[in-house]
Amino acid sequence: MHVPNGNVEKKATTWNTRSARYQQPPPEYLVKPTCTDFNCGNFTIPYPFGMGEACYANSWYSINCNHAKPFLNHTRLNLEVLNISLDYQKVTVNSPISSLCKDTEEVMTETKANIDLNQSPFSFSRLDNIFMVLGCGGARLMDKSNEAMALASCETICESGYVDTKICYGINCCQTTIPHANNYFRNNYSVNLTTESKETGCVTHALMVDGDWFSRNFSSQDVIKMGYAPLALAWTIEENDEYASSRCNRSLHYDLDRGTYSRDPCTCGSKTEGNPHLKNGCQGMLLS
């Protein structure tokens, strides 16, 4: 699996709601001893996430199973969960994209993604996500608490003829990394969209998107049609639950030479399999 910024993912403990990409250890290694309802469709929901108080660490990690699809914190976030990585403390969710639509030459309307993670254990991961603009125009990713501060910006070259929608090299699509020298974590952001298009309709779109997903599955046509794209959220865990272990919170490091953050996987030992976020969660024998 590709991991942005040169990190190599080894023995990744990842649960994907769309396909079984890795052999899973038995569910009892992954959930609280008190948890009995841990399946949503074909997806086993590992601690600290869960359906109900007997399973999750706290209500922020609550999962609502709707038509065999898991949704994160349906009362406050309500984001479809696509993937959970225990090793890298990352949950990938389906996030709405921002769009700029022209009703006439003078009248424009904006639809903006609005996900506020303040006071939650989640944050937008600058290490995993990239910023993209699709269509004709540009966008700036802004610090919501300081609208004068741009975190990243991107502008496309407009082309009305045929363009390959599976590549992104500037024509009707641009991408940029999100610098994280000063802060790996971000709880909110806003997007400012512009367009040079003379056409009407939804002409410019902007999104923060999981760079790993982009490298394997990107199609601008599909993203625009769905109005959603995978977004990586980092998470931390506090020991306010008697079953929680916070030792994996120390896996993020600041590299003084590069001036950026790097991350080590947090796994069970070489001869065990299980969930490192649970106290005594690495008791099972390694599966071959």
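All values reported here derive from a predicted model rather than from experimental measurement.

(A) View of the overall build of the chain. Assigned secondary structure in the chain consists of 2 helices and 21 strands. A burial count over the chain gives 52% of its 288 residues as buried. For the chain, restricting intrachain contacts to residue pairs at least 6 apart in sequence, the fraction spanning at least 24 positions comes to 62%. Just so you have it, the chain exposes about 14200 Å², and 47% of that area is on carbon and sulfur atoms.

(B) Representation of the nonpolar core in the model. If you look at the biggest cluster of nonpolar residues, it comprises 45 residues, and the most contacted ones within it are Phe49, Val91, Phe122, Phe131, Leu141 and Leu233. In this structure, Ile130, Leu207, Trp213 and Phe218 belong to the second largest nonpolar core, which totals 13 residues.

(C) Seen up close, the confidence of the model for the chain. Looking at the chain, pLDDT values average 82 and 83% of them are 70 or higher. Of the regions scoring below 50 in pLDDT, residues 1-14 engages in 39 contacts with residues more than four places distant in sequence or in other chains.

(D) Structural view of the packing of aromatic side chains. Under the definition given, this model contains 7 aromatic pairs. Relative to tryptophan 235, the ring of phenylalanine 49 lies with its centre 5.5 Å away and its plane at 85°, an arrangement referred to as edge-to-face. In this pair, phenylalanine 49 sits in the loop between strand 3 (43-44) and strand 4 (63-66) while tryptophan 235 sits in strand 17 (residues 228-235), placing the two residues 186 residues apart along the sequence. Tryptophan 235 carries the same exposure label as phenylalanine 49, and that label is buried. Considering the side-chain rings of phenylalanine 124 and tyrosine 189, the 4.9 Å spacing of their centres and the 80° angle between planes classify their relative orientation as edge-to-face. Pair noted here: phenylalanine 124 is in strand 10 (residues 122-124) and tyrosine 189 is in the loop between strand 14 (173-177) and strand 15 (190-194), with a separation of 65 residues, a long-range link. Judged by relative accessible area, which is 1%, phenylalanine 124 ranks as buried.

(E) Representation of the sheet that holds strand 8 (residues 98-102) in the model. Strand order in this open sheet of 5 strands is 9-8-16-11-14, and the pairing throughout is antiparallel. Two strands lie at the open edges of the sheet, namely strand 9 (108-111) and strand 14, each paired on one side alone. Strand-to-strand twist in this sheet, taken as the mean axis angle between neighbours without regard to direction, amounts to 15°. Pairing analysis gives 5 bridges linking strand 8 to strand 16 (residues 201-210), with the strands arranged antiparallel. Following the sheet pairing, serine 99 is matched in strand 16 by histidine 205.

(F) Seen up close, the state of the cysteines. Using the criterion set out here, one finds 8 disulfides in the structure. Bridging cysteine 136 to cysteine 158, the disulfide has an S-S length of 2.0 Å. Measuring handedness by torsion sign, the sulfur bridge of cysteine 136 and cysteine 158 sits at about 85° and is right-handed. Placement of cysteine 136 in the loop between strand 11 (129-135) and strand 12 (138-143) and of cysteine 158 in the loop between strand 13 (146-155) and strand 14 is noted, with a sequence separation of 22 residues between them. On the accessibility criterion, cysteine 158 (37% relative accessible area) is partly exposed. Across the disulfide from cysteine 168 sits cysteine 173; the S-S distance is 2.1 Å. Here the S-S torsion is close to -95°, and the disulfide linking cysteine 168 with cysteine 173 is therefore left-handed. Of the residues examined, cysteine 173 reaches a relative accessible area of 2% and is grouped as buried.

Conventions and cut-offs
Residues numbered from 1 in each chain as written. Predicted model: local features only at pLDDT ≥ 70, side-chain atom pairs only at ≥ 80, totals over all residues. Heavy atoms only, no water. Helix = DSSP H or I, 4+ residues; strand = E, 2+ residues; numbered from the N terminus. Buried < 20%, exposed > 50% of the residue type's maximum accessible area, 1.4 Å probe, protein only. Contact = heavy atoms within 4.5 Å. Areas by Shrake-Rupley, 256 points an atom, 1.4 Å probe, with all protein chains shown as cover. Core = buried A, V, L, I, M, F, W, Y, C linked by side-chain atoms within 4.5 Å. pLDDT = per-residue confidence, 0-100. Phe/Tyr/Trp six-rings, centres within 6.5 Å; stacked < 30°, edge-to-face > 60°. Pairing = 2+ DSSP bridges. Axes fitted to C-alpha atoms, helices over the stretch in contact; angles between N-to-C directions. Disulfide = S-S within 2.5 Å.

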